[in-house]
Amino acid sequence: MSTTTETTAVRYDKDADGIVTLTLDDPQASANTMNERYVAGMAAAIDQLESERDDVTGVILASAKKTFFAGGNLKLLQAAQPEDAGRFFAEIETVKSQLRRLEQIGKPVVAALNGTALGGGLEIALAAHHRIAVDDPKSKFGFPEVTLGLLPGGGGVTRGVRMLGLQDALMNWLLQGQQRGPVEAKEKGFVDEIVATQDDLLPAARAWILANKDDEEAATQPWDRPGYRMPGGTPSSPKLAAFLPAFPANLRKQLKGAAYPAPRAILSAAVEGAQVDIDTASRIESRYLTSLATGPVSSSMIQAFFFDLQAISSGSLRPKGIEPSKVSRVGVLGAGMMGAGIAYACATRGIDVVLKDVSVEGADKGKAYSAGLLDKKVSKGRMTAEARDEILARITPTADAADLKGCDAVIEAVFEDAGLKAKVFAEAEEVLGDDALLCSNTSTLPITALAENVSRPKDFIGLHFFSPVDKMKLVEIIRGKESSDETLARAIDIVQQIGKIPIVVHDSRGFYTSRVFGTLILEAAALVEEGVDPATIERAATMAGFPAPPLAMLDEVSLTLTQHIRAEAMKETGVDLTAMPGTAVIDRMVGEFGRKGRAAGSGFYDYPADGPKKFWPGVREHFAKAETDVPLRDIQDRYLFAMALETAKCFEEGVIDSAPAANIGSIFGIGFPPITGGTAQFMQAYDGGLAGFVARARELAAAYGPRFEPSPWLVAKAERGEAF
Ligand code: NAI
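All values derive from a computational prediction rather than experimental measurement. (Residues numbered from 1 in each chain as written. Predicted model: local features only at pLDDT ≥ 70, side-chain atom pairs only at ≥ 80, totals over all residues. Heavy atoms only, no water.)

Considered domain by domain, the protein is made up of domain 1 (10-294), domain 2 (329-508) and domain 3 (514-654 + 686-720). Once you take the C-alpha centre of each, domain 1 and domain 3 turn out to be 45 Å apart. Taken together, the 6 residues of domain 1 in the interface contact 4 residues of domain 3. Across the domain 1/domain 3 interface, buried area totals approximately 340 Å², and carbon plus sulfur atoms make up 47% of it. There are 0 salt bridges connecting domain 1 and domain 3. (Domains from an automatic or database assignment. Contact = heavy atoms within 4.5 Å. Buried area = accessible area lost by both parts, 1.4 Å probe. Salt bridge = Lys/Arg side-chain N within 4 Å of Asp/Glu carboxyl O.)

On to the site of the ligand. By nearness alone, 21 residues border the ligand, and Met338, Asp357, Glu416, Lys421 and Ser443 come closest of all. One nitrogen or oxygen atom from the side chain of lysine 356 is found 3.1 Å from a nitrogen atom belonging to the ligand. A distance of 3.3 Å is found between an oxygen atom of the ligand and a backbone nitrogen or oxygen belonging to valine 414. For the ligand, whose unbound accessible area comes to 830 Å², protein coverage reaches 78%. When residues of the shell around the ligand are assigned to their parent elements, the largest contribution, 3 residues, is made by helix α17 (residues 418-431). Class assignment for the residues of the shell around the ligand results in 10 nonpolar, 7 polar and 4 charged. (Near = heavy atom within 4 Å. Polar contact = N/O pair within 3.5 Å; in protein donor to acceptor, adjacent residues only side chain to side chain. Areas by Shrake-Rupley, 256 points an atom, 1.4 Å probe, with all protein chains shown as cover. Helix = DSSP H or I, 4+ residues; strand = E, 2+ residues; numbered from the N terminus. Nonpolar A, V, L, I, M, F, W, Y, C, P; charged D, E, K, R; others polar.)

A word on the pairing of strand β4 (residues 58-63). Within a regular beta strand, the side chains point alternately toward one face of the sheet and then the other, so they alternate between its two faces. Of all 6 residues in β4, 6 are buried, a share of seventy percent or more. Residues Gly58, Ile60 and Ala62 line one face of β4 and the alternating positions Val59, Leu61 and Ser63 line the opposite face, and both faces are buried. Looking at chain direction, strand β3 (residues 19-24) and β4 are connected through 6 bridges and run parallel. Across the sheet, the residue bridging to isoleucine 19 is glycine 58, located in β4. In this fold, β3 hands off to helix α1 (residues 36-51), which returns the chain to β4; that crossover is right-handed. Relative to strand β5 (residues 109-113), β4 runs parallel, the two being bridged by 3 bridges. Each bridged residue has a counterpart across the sheet, and for leucine 61 the counterpart in β5 is alanine 111. (Buried < 20%, exposed > 50% of the residue type's maximum accessible area, 1.4 Å probe, protein only. Pairing = 2+ DSSP bridges. Right-handed = clockwise from strand over helix to strand, strands pointing away.)

Turning our eyes to something else, we now look at the sheet that holds strand β8 (residues 141-142). One open sheet accounts for 3 strands, arranged β6-β8-β9; its pairing is mixed. Looking at strand neighbours, the two that pair on one side only are β6 (117-118) and β9 (179-180), the edges of this open sheet.

Looking now at the environment of phenylalanine 623. Its location among the elements puts phenylalanine 623 in helix α25 (residues 617-623). Along the sequence, phenylalanine 623 and tyrosine 288 sit 335 residues apart, while their C-alpha atoms lie 45 Å from each other. Excluding its chain neighbours within four sequence positions, the residues that come into contact with phenylalanine 623 are Val528, Gly531, Val585, Arg588, Met589, Phe593 and Gly618.

Here we come to the side chain of aspartate 26. Counting through the fold element by element, aspartate 26 comes out in the loop between β3 and α1. From its side chain, aspartate 26 meets the backbone nitrogen of glutamine 28 in a polar contact 2.9 Å long. Contacts of aspartate 26, omitting those with residues within four sequence positions, involve Ala9, Ala31, Asn32, Asn35, Arg37 and Lys65.

Right, let's talk about the packing of helix α21 (residues 534-544) against helix α26 (residues 632-652) for a bit. It is the contact of α21 with α26, at a shortest axis distance of 9 Å, that shows an interaxial angle of 70 degrees. Put simply, α21 runs roughly perpendicular to α26. Between α21, through Thr536, Ile537, Ala540, Ala541, Met543 and Ala544, and α26, the contact on the second element is made entirely by Leu632, Ile635, Gln636 and Tyr639. Of the residues assigned to the contact of α21 with α26, the class counts are 8 nonpolar, 2 polar and no charged. (Axes fitted to C-alpha atoms, helices over the stretch in contact; angles between N-to-C directions. Parallel < 35°, antiparallel > 145°, perpendicular 65-115°, else oblique.)

In this fold, aspartate 637 is placed in helix α26. With near-sequence residues (within four places) excluded, aspartate 637 lies in contact with Ala642, Tyr686, Arg696 and Leu700.

A word on unusual backbone geometry. In this model, serine 467 is joined to proline 468 through a cis peptide bond whose omega is -5 degrees. Relative to the assigned elements, proline 468 resides in the loop between β16 (460-465) and β17 (474-479). Of note, the phi angle at phenylalanine 511 is positive, near 50 degrees, even though the residue is not glycine. If you trace the backbone, phenylalanine 511 turns up in the loop between β18 (501-506) and α20 (513-529). One non-glycine residue with positive phi stands out, namely serine 558, at about 90 degrees. Residue classification places serine 558 among the buried residues on the basis of a relative accessible area of 14%.

Right, let's talk about the pairing of strand β2 (residues 10-14) for a bit. The alternating pattern of β2 places Val10, Tyr12 and Lys14 on a buried face and Arg11 and Asp13 on a face that is not buried. Taken together, the 5 bridges between β2 and β3 define a ladder with antiparallel strand orientation. Pairing of valine 10 across the sheet is with leucine 24, part of β3.

Attention now goes to the packing of aromatic side chains. Tallying each qualifying case throughout the model produces 21 aromatic pairs. Taken together, a centroid distance of 5.9 Å and an interplanar angle of 55 degrees make the contact between phenylalanine 305 and phenylalanine 668 tilted. On the criterion of sequence distance, the pair formed by phenylalanine 305 in helix α13 (residues 296-313) and phenylalanine 668 in helix α27 (residues 659-670) is long-range, its members being 363 residues apart. When the centroid spacing of 6.1 Å and the interplanar angle of 85 degrees are considered together, the rings of phenylalanine 682 and phenylalanine 693 count as edge-to-face. Remark: phenylalanine 693 occurs in helix α29 (residues 689-704) and phenylalanine 682 occurs in helix α28 (residues 679-684); sequence separation between them is 11 residues. We note that phenylalanine 682, like phenylalanine 693, is buried. Site record: aromatic cluster; members linked through ring pairs are Phe546, Tyr639, Phe641, Phe672, Phe682, Tyr686 and Phe693. The lysine or arginine in question, arginine 638, covers the ring of tyrosine 704, its NZ or CZ lying 4.4 Å from the ring centre. A cation sits over an aromatic face here: lysine 717 above phenylalanine 724, 5.2 Å from the ring centre. (Phe/Tyr/Trp six-rings, centres within 6.5 Å; stacked < 30°, edge-to-face > 60°. Lys NZ or Arg CZ within 6 Å of the ring centre and 35° of its normal.)

Glancing now at the UniProt feature "domain: 3-hydroxyacyl-CoA dehydrogenase C-terminal" (unreviewed entry) in the protein. Under the local residue numbering, the UniProt record ascribes the feature "domain: 3-hydroxyacyl-CoA dehydrogenase C-terminal" (unreviewed entry) to residues 510-607. Along residues 510-607 the backbone is 61% helical and 2% strand, and the end-to-end C-alpha distance reaches 28 Å. (UniProt positions renumbered as here; feature names shortened; annotations may be inferred.)

Per the UniProt annotation, the sites labelled "domain: 3-hydroxyacyl-CoA dehydrogenase NAD binding" (unreviewed entry) are residues 330-507. For the annotated span residues 330-507, helix accounts for 40% and strand for 22% of the residues, and the straight-line distance between the end C-alpha atoms is 24 Å.

Let's shift gears to the sheet that holds strand β15 (residues 437-440). Sheet strands associate in pairs through backbone hydrogen bonding, adopting either a parallel or an antiparallel arrangement. Here we have 8 strands laid out as an open sheet, ordered β13-β12-β11-β14-β15-β16-β17-β18, and mixed in their pairing. Looking at the sheet topology across the chains shown, the edges are occupied by β13 (395-398) and β18. When strand polarity is set aside, the average angle formed by the axes of neighbouring strands in this sheet is 25 degrees. When β16 meets β17, the two strands line up antiparallel, connected through 4 bridges. Bridge assignment links leucine 463 to a residue of β17, and that residue is isoleucine 477. Across the sheet, helix α15 (residues 360-379) is in contact with β12 (352-356) and β13; its angle to β13 comes to roughly 155 degrees. Along the sheet face, helix α19 (residues 485-497) touches β14 (409-412), β15, β16, β17 and β18 and points at about 170 degrees away from the line of β17.

Shown next as C-alpha cells:
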C-alpha cells in the first residue's frame, strides 16, 4: 500500500516496504531554498513520520529539482537588520529543530544527493545518517557561507565538527568555503557512497535502508550514541590543546589582520560548540549566525558575491537580441607574459590557439609557460598526463602571421606601443576572415584611437586581462567609440567561454580598474610624503581587507610606469599632475635614489636574492617624520574613499554604468576589500547611505585635501537618496 500526502515543498510518499521518501520539491520555484514552504512542508512531514513511526522502515531525503537543495534564502539573509535578530534566531532554531527530530527518528535516514548541495542543502544532508551522491563532477558540495560573510548555522558547523573533528572540518570545509565534487567530498568525509548514474540513486538509497533496517546504530548519529568521542579529540585533548591556541593567530595571519567577521565566528562557534553537548552547540552556532546575518558585512558580501556575480553571469551587461557565439580558434599576438597567459586560458577551455611572436623561439617560450603550469597540475595529481598533452597540442607557436588564417578572433598582447599594435593588426587582417573579432589587451592606450588603425573599427574592442592570467578571473572589456553591439556581445561570450568574469566599461584613460587602482597607490605615496611610517601605511591596508599592501603593489607595477602614465595623461589633457600628493615621492624615489620598482630590483622594498623582501631603510630615513600622526582609521578611509570617489567619477563620466560591474571589477581586478562588497556597494552601504559617505568624504577633504571633495554630481545623487 502506498500513501501520499501533499505538503507544501516536501512531498511524503510511503511505499509497500514502509520506506518513506521525502521529496524536496518547491512548487513555486525552480530550486529548493529554506523558505516558508520548506519549513511548513518539513514540519508536516516530520509530524507524519513521528505518528507513523512504527510502520516506517527508513527515510529517503530526495529532490525533484536539478540540484538537491540550493540553501538559504539570500534575499532574506541580506535584508536582515540588527533589530531582526530575535525573530531571525527563532527562525533558524525552527529549521534546526526539525532536522534534529529527523536524525533522532530512530529509523535509518539516507540523503539521496541527485545534484549540488551547498550551504543549507548540505546541512540537510548532514542530518541524515548516510549520504549517497551521483558521480557527476558538476555536482558541488560545500559551505560557501564564509564567502558571503556568513556561517553554516543550520547545523553545518555543529555536525561538521562532530563528523570530522575540529581540524578537518575547519580546514577542509568551513573556513574557506571549498566546493568539492562528489569524489573529493567522499574523500573528505561528507559523502559516504557514490553511484554511477541518476537511475542508480534511489535504488541504492532503498538498498541501504533495507540492509540497515534492523541496525539501531545505523539509525543513530554517532554523536547520539553512548560513548561518542569526537574525531581528532576534544579541545582539551593533548593533540588539539597543542594545535588550537595557535589557530586564532594563524587565522589572523592568513587574513592579514583584516576584520573579516565570518571566519572568526566560524572558528569560535566550532571551538565553543565542541566543548558542549550538541543541542547547546547548535544554539551557540545559531547565535553566531544571527550576529553575522544581521550585521553589515554579510549584506554587502551577499550583494557582490551572489547577486552581482549572478547579474553578470546571466548576461545583464550583454546587449540584447544577439545570438550567443562561440570561438573555436583564437590568435594571440605576442607570447610574452600576458600573451602566454591568455593562450593558456583559451587552450584549457578547449580553444585552439595560434600563438604568434616575432620569432618561433619567442612563441615556443610562450607555449612553454602553459607546459609549466600544466606539469605542476599533473605532478600534484590534479590532471592526467593525457589531458595535459591534449591541451598543449591545441597551442601552435609561430612567427608567421599567415598561420592566423581561420581564427575567429585575435587577442593582441605585444609591447605597449600604438605603432607596433597597428602593425601587428595590419598583418593579421591580411589573412583573417571579414568577421574575425579584433581585441587588444592594452592596459593604457585608448581603444578608440587603436581602432582607427584597423579596417573594421566596429569589430575592434579592448579585452583587458589581469596578471597572472591563470589566477585572475576578471577581464575588463573596453568599448571603443566604434565598437558595435555585436562585437561587445561576442567579446563577453569569449570571456565567459574561457571561464572568466567580464565587466564592461567605456573607453577612458586608464579605463575603470587602472584609474581607480591608481588612486590607491598614489594615496600610499602621499602618506609617505606626509612622513607616515611605511609599515603603518602597509598594515593599515591589509587590516582594512586589501589582499596586498599598496607600497608593495606600487613596486610591483613599477614606479617608472606610473611616471610614464602620468606623463602621457599630462600630454593628452594639458593638466599639470605633478602637484598631486604622492607624485613627488615617486619622482624622488626614481630620480634621486634610482629605485624604480620590483622588476628593476629595488623600490620601497629591497628584494634580496636569498630571502623575502624588506622595507628599504631609506624610506624611513628620507621621508618618515616622528611627529606625523595620521590616525589608522583615516589612513584606511583615505584608501577606500580615494578609490570609491574615483569610481563615482567613472559613473559620472559614463565610463562605467553598472554597479555590479563596478563592484566585481574592483574586488576581482584590483583587490578592493571583498568585505565591502566593492566600490559602489561601499558608497551606498556606508553608515548613513550615500549621504553618510558624502559627509565623511567632506571630512577627509577638510583634513587631507580637495581630492576627497565629493563632486556636485555625487552630492546631488546623495541628496536625491539614489544609489548606483
Ligand atoms: P611582454 O613584454 O611580456 O610581451 C610582449 C611580447 O610581444 C614579447 O614576447 C614580444 O616579443 C612580442 N612582440 C613584439 N613585437 C611583436 C610582433 N611584431 N609580433 C608578435 N609579437 C611581438 O609584455 P606583457 O606584459 O605581456 O604585455 C603585453 C600587453 O599587455 C601590453 O599592451 C601591456 O600593456 C598589456 N598588459 C600588461 C599587463 C601586465 O600586468 N604586464 C596587464 C594587462 C595588460
